[in-house]
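Chain by chain, the residues:
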Amino acid sequence: MSSIKNLSPFYNLTLFYIIVSFILRIVLLFHPITQATFSWIDTLKIFSLGVVSDCLVFTVISGFLWLYLIFISNSKYLKPTGYIIFGLLVSLFLYVAFGNTILNEYGGALPEIGMVFIGLKTFLFGLLLFLPKYRHTIRFWLFSFVIFLFVTLILQNAISEFFFWNEFGVKYNFIAVNYLVYTNEVIGNIMQSYPVIPIFTTLFLVSGTITYFIVQHSKNYIESIPSFTEKIKISGVYLVMLALSLATIPYLAAKENSQNIFTNELQSNGIYKFYLAFIHSELDYFKFYKTIPTQEAYTTLKEQIPGITTESTSRPITAKGQENHKNVVLITIESYSADFMKVYGNENNITPFLDELATQSLQFTNLYAVGNRTVRGLEAVTLCFPPTAGESVVKRKDNKNKFSTGNIFNQKGYQVKYLYGGDAFFDNMEDFFSGNGYAIVDKKSLRPNEITFANVWGVCDEDMANKAIKVMNAEAQLGKPFFNHWMTVSNHRPFTYPNNKIDIPGDAKSRDGGVKYTDYALRKFFEMAKKQPWFQNTVFVIVADHCASSAGKTELPLDKYRIPALVYSPGFIAPQKYTQLMSQIDVMPTVMGLLNFNYQSKFYGQNVFQSDYKPRALIATYQDLGLIKDNVLTIISPKQQVKQFQLNLKPDQKTAPEFQLYYDQTPLKKERTDLVKETVSYYQTASDMLKKKKYQKN
């Protein structure tokens, strides 16, 4: 009986965690973003295997609780043991505070964190050592605080999982891991997007109430501290459970194999998903994905990209006409789905300027983003390179001196700049662009009088439009052409922007408002640009970085990857619609083709107006890598998995055929081995090029 009482802190917290997780699954199951129907087998898996997984994961997490509980004792405060331990703690604190420890080698906030932790431990040990009359009271409140901390973290995790699902339609993934790195922007975004004070006030009140009841049913542990023998038994039970959990959790994760992606996500444990995303932030293609012999991969790729040589994508690009060194302004718009625009069926009139500009531009009506994050879009238009498994090249250590769009413009004598309204440190943009031949103009470059409005992501798009005009005017004075890449920021949660600019208030925090304000800022930019002497000699390229949402019923929902793209240059490029399938990586090679550039290319992207171009698009998450071709979506995934889907266009009477968005995705009855081979060739060779450093600038 006493051994059961000694385990009470464990099973009370475990029960609480299971209840919270169970309720969370129900909430997510009925969430509007969960666009799926579930069979009774799916529902059974979600709530049975899910609960077992939760129990096992919490067993692993409670290792911290086990360590805390087994070290609770009175004997360690007896003389001289207590004084020796206290002296060692004081010495350790002084060493960390004033010495050069391993924490200093890692840098960052680690030395401060270590000093605070050891200092707090020393202080509390001192209280328990020198105030024996109050030891029981102090221990009770410390025990209550530990329970409160666990309860709060359990509830906080549930809230975080809910908001992550609300944003992405999945449990934690690689994006959540990235968010930990950029706490300033992410915490700022949360502060501005959600009612944080009421949420956390409620959280702490609920946590305190629940803690009270759990402590009442668990305080027997500190009122009758287990003996050394009993602690050995407790440790034995826990370590057996820990070993069982570590062995079983991956097995249960492998059972997340339903055709319904939402079933797999709801069945999974969010904390374990976070762990998997953390350890797999960089995926070795050759270890996890289907491969073919290297030479065969490049030979297959050559059939898709004529002119490349063996085990390289290098090939000459020869234009038929004279090179035209017009200025080029590339504008990538944050989170801009194709279906925001009127031509794709939107009836809310949130893109009036771009709808108007589209009629005067070359429109790519059937273009797909490579990924669902900004760094993927930047990678696509800068490197014109497939989205390889794991992290974007932008955020990798080996991200410099790549074969890039900026590299080509530099060769042609252009001034090359990257303009961004936020801090370019975010998402490693500054390191990437400066390491590939771009000068950086970001929020740090703006004087205080140039900023009228800013949120956590940076200055509003209108302020950056004004700055861009100043930068381009200065460049024009130097007598050299310029290539400027401007990344917008306003169309991003929390969707705040200056009031009295559009008919949706800036403090409404509306996505439609964010879209419409960016459209408004672009109108202002072009109104100013048209008054400049360099306007008639400039090509403007406007493309989204990715869609506003990536959640869907399948691994790669096509309607969540379709983005708009325009090329506007009055008197130079005639308005027209290019309706063939193409990828985001093709945009800049096509623009260079319109300028008749001659260069030695390594781009995977192609000029879509070339007669030998074969329509296809590459789309991916950080794990699932896809190829759209011949109305078939081929997806290759870790563990050498391959899936193929037949794509059927759903007619939309309100939208012209070339702008219709949505596809039915039905599993292919018979595998198209030729398309599997082509898909593998794209991603395997891209991984090979990076691994062997063959995608460097010439």
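Keep in mind the model is a prediction, meaning the values are calculated, not measured.

Cut-offs used in this document
Along each chain, residues carry numbers from 1 onward, in the same order as the chain's sequence is written. Residue-level local features of this predicted model are given only where pLDDT is at least 70; pairs of side-chain atoms are given and counted only at 80 or more, and the full residue set underlies all totals for whole chains, interfaces and linings. For side-chain calculations, the full set of non-hydrogen atoms in the structure is used, while hydrogens and water are omitted. Comment: elements are numbered from the N terminus, with helices defined as DSSP H or I runs of at least four residues and strands as E runs of at least two. Whenever Lys or Arg places a side-chain nitrogen within 4 Å of a carboxyl oxygen from Asp or Glu, that contact is recorded as a salt bridge. Partly exposed residues are those whose accessible area sits between 20% and 50% of the maximum for their type, while under 20% is buried and over 50% is exposed, using a 1.4 Å probe and protein chains only. Centres within 6.5 Å make a pair out of two Phe, Tyr or Trp rings, where for Trp the six-membered ring is used; the pair is then stacked when the planes are under 30 degrees apart, edge-to-face when over 60, and tilted otherwise. When DSSP finds at least two bridges between two strands, those strands are taken to pair. A fitted line through C-alpha atoms represents every axis, and for helices the fit uses only the stretch in contact; the resulting angles, taken between N-to-C directions, go from 0 to 180 degrees. Note on angle classes: values under 35 degrees are labelled roughly parallel, values over 145 roughly antiparallel, values of 65 to 115 roughly perpendicular, and the remainder oblique. Contact between two residues is taken to exist if any of their heavy atoms lie within 4.5 Å; hydrogens are not considered. Under the convention adopted here, Pro, Cys and the residues Ala, Val, Leu, Ile, Met, Phe, Trp and Tyr are nonpolar, Asp, Glu, Lys and Arg are charged, and Gly plus all remaining residues are polar.

## A closer look at the environment of Ala247
Logical step 1: Mapped onto the fold, Ala247 is located in helix H13 (residues 228-254).
Logical step 2: Here the alpha-carbon distance between Ala247 and Phe425, two residues 178 residues apart in the chain, equals 40 Å.

## Observations concerning the pattern of salt bridges
Logical step 1: The full count for this structure, using the stated rule, is 29 salt bridges.
Logical step 2: Linking Glu265 and Lys273 is a salt bridge whose minimum nitrogen-to-oxygen distance equals 3.2 Å.
Logical step 3: Take Glu265: its relative accessible area is 10%, and that puts it in the buried class.
Logical step 4: A salt bridge links Glu527 to Lys524; the nearest nitrogen and oxygen atoms lie 3.9 Å apart. Here Lys524 and Glu527 lie together in helix H23 (residues 511-529), a separation of 3 residues that amounts to about one turn.

## What to know about the packing of aromatic side chains
Logical step 1: A complete count under the given rule lists 50 aromatic pairs for this structure.
Logical step 2: Aromatic side chains Tyr599 and Phe603 sit 6.2 Å apart centroid to centroid with 65° between the ring planes, which places their arrangement in the edge-to-face category. Residue Tyr599 shares its accessibility class with Phe603, and that shared class is buried.

## Overview of the pairing of strand E10 (residues 538-544)
Logical step 1: Of all the 7 residues making up E10, 7 are buried; the element is thus mostly covered by neighbouring parts of the structure.
Logical step 2: Burial along E10 is two-sided: the residues Thr538, Phe540, Ile542 and Ala544 and Val539, Val541 and Val543 are all buried.
Logical step 3: Pairing geometry for strand E2 (residues 327-333) and E10, over 7 bridges, is parallel. Opposite Val329, over in E10, you have Phe540 as the bridge partner.

## Remarks on the packing of helix H4 (residues 63-70) against helix H8 (residues 135-168)
What describes two packed helices is the angle between their axes and the distance between those same axes.
Logical step 1: Put simply, H4 and H8 touch, their axes get as near as 11 Å, and they point 175° apart. Relative to H8, the element H4 lies roughly antiparallel. Across from Phe64, Leu65, Tyr68 and Leu69 in H4, the residues of H8 making contact are Arg139, Leu142, Phe143, Val146 and Phe150.
Logical step 2: Across the contact of H4 with H8, the residue classes break down as 8 nonpolar, no polar and 1 charged.

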